[in-house]
Amino acid sequence: PALPSRDFGELKMQTFINVNTGNHIIFDHKIVIQENNFPLEFYYVYNSQAETMADVWRFAHKRFKRLPQPGQTSPALLIEKDGHETLYQFDRKTNAWMAPYWSDSRPSLKYDAAAKEWRWFDPKTQMTEIYNADGDLIECLNSKNESTTYYYDSFQMHYLLRIDAPGSTYEFRQDVVNGER
């Protein structure tokens, strides 16, 4: 459970405190763009319990921190948009990695050996997210199978994320400082 948040300041920043862990989270510069497929949200997140300095302030973007090797059943670890981590455990009945039960849904993760990619699915929202072997989000599909794709370029001095939505392209560049982004 988190304490409720209210927007504050001209930038309408939001803050949350997880009462169980004491983690303090701030959403900064939040922009929501209503796309044809689904809303795209862009913002930075401050996470007081981040493991590395690079993740204290981070661009809100999901990625898998750890994925099992094909053929293995070790847990997968997803870093959510707000920076918290969700552990996915292998379930032999479904042959998938399952998130803990949420109040109204239980997302799953499966490996597609033919495409060499990971498919995340939320039964409540009917959203599918596709991740590459490095854990990067490469595509989102809504319930109508409409797609938004994500491209990444890592250079020595900056990291570039390009998002192609129907009729629009968004690019974000993050500079590297002291080897961290």
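Look up: the structure comes first, before these words.
Presented here is an overview of the structure given in this document. (Residues numbered from 1 in each chain as written. Predicted model: local features only at pLDDT ≥ 70, side-chain atom pairs only at ≥ 80, totals over all residues. Heavy atoms only, no water.)

**As for the pairing of strand β7 (residues 85-91)**
Within a regular beta strand, the side chains point alternately toward one face of the sheet and then the other, so they alternate between its two faces.
Okay, so step 1: Burial along β7 is one-sided: the residues T86, Y88 and F90 are buried and none of E85, L87, Q89 and D91 is.
Okay, so step 2: Relative to β7, strand β6 (residues 76-79) runs antiparallel, the two sharing 4 bridges. Directly across from L78, in β7, lies its bridge partner T86.
Okay, so step 3: The loop that links β6 with its antiparallel partner β7 comprises 5 residues; one of these, G83, has a positive phi angle of about 95°.
Okay, so step 4: Examined bridge by bridge, β7 and strand β8 (residues 96-98) share 3 bridges and lie antiparallel to one another. The partner of F90 across the bridge, within β8, is W97. (Buried < 20%, exposed > 50% of the residue type's maximum accessible area, 1.4 Å probe, protein only. Helix = DSSP H or I, 4+ residues; strand = E, 2+ residues; numbered from the N terminus. Pairing = 2+ DSSP bridges.)

**So, the sheet that holds strand β2 (residues 24-34)**
Okay, so step 1: Taken together, 4 strands build an open sheet; the order of strands is β1-β2-β3-β4 and the sheet is antiparallel. Two strands close off the open sheet at either side, each with one partner strand: β1 (14-17) and β4 (57-59). On average, adjacent strands in this sheet sit at an angle of 25° to one another, irrespective of strand direction.
Okay, so step 2: In this structure, β2 lies alongside strand β3 (residues 39-47), joined through 8 bridges in antiparallel fashion. Along β3, the bridge assignment pairs D28 with Y44. (Axes fitted to C-alpha atoms, helices over the stretch in contact; angles between N-to-C directions.)

**Concerning the side chain of T149**
Okay, so step 1: On the secondary structure map, T149 appears in strand β13 (residues 147-154).
Okay, so step 2: On the basis of relative accessible area, T149 is assigned to the buried category, the value being 18%.
Okay, so step 3: At a separation of 3.4 Å, a polar atom in the side chain of T149 contacts the side chain of Y151.
Okay, so step 4: Sequence-distant contacts of T149, that is, excluding residues within four places in its chain, are made with I138, E139, R162, I163 and D164. (Polar contact = N/O pair within 3.5 Å; in protein donor to acceptor, adjacent residues only side chain to side chain. Contact = heavy atoms within 4.5 Å.)

**What to know about unusual backbone geometry**
Okay, so step 1: Here the phi dihedral of Q126 falls at roughly 65°; this positive angle occurs in a residue that is not glycine.
Okay, so step 2: You can see Q126 is positioned in the loop between β10 (117-122) and β11 (127-131).
Okay, so step 3: At N145, a residue that is not glycine, the phi angle is positive and equals roughly 70°.
Okay, so step 4: Looking at where N145 falls in the secondary structure, it is placed in the loop between β12 (137-141) and β13.
Okay, so step 5: The exposure class of N145 is exposed, given its relative accessible area of 57%.

**Topic: the pattern of salt bridges**
Okay, so step 1: The full count for this structure, using the stated rule, is 4 salt bridges.
Okay, so step 2: The salt bridge partner of K65 is E85, with a shortest N-O separation of 3.1 Å. Taken together, the residues span a long stretch of sequence, with K65 in strand β5 (residues 63-66) and E85 in strand β7 at a distance of 20 residues.
Okay, so step 3: By relative accessible area, which is 37% here, K65 ends up partly exposed.
Okay, so step 4: Judged by its relative accessible area of 35%, E85 is partly exposed.
Okay, so step 5: The salt bridge partner of R119 is D112, with a shortest N-O separation of 4.0 Å.
Okay, so step 6: Relative accessible area serves as the criterion here: at 32%, R119 is assigned to the partly exposed category.
Okay, so step 7: By relative accessible area, D112 is classed as partly exposed at 25%.
Okay, so step 8: One network of salt bridges, with partners in common, ties together D112, E117 and R119. (Salt bridge = Lys/Arg side-chain N within 4 Å of Asp/Glu carboxyl O.)

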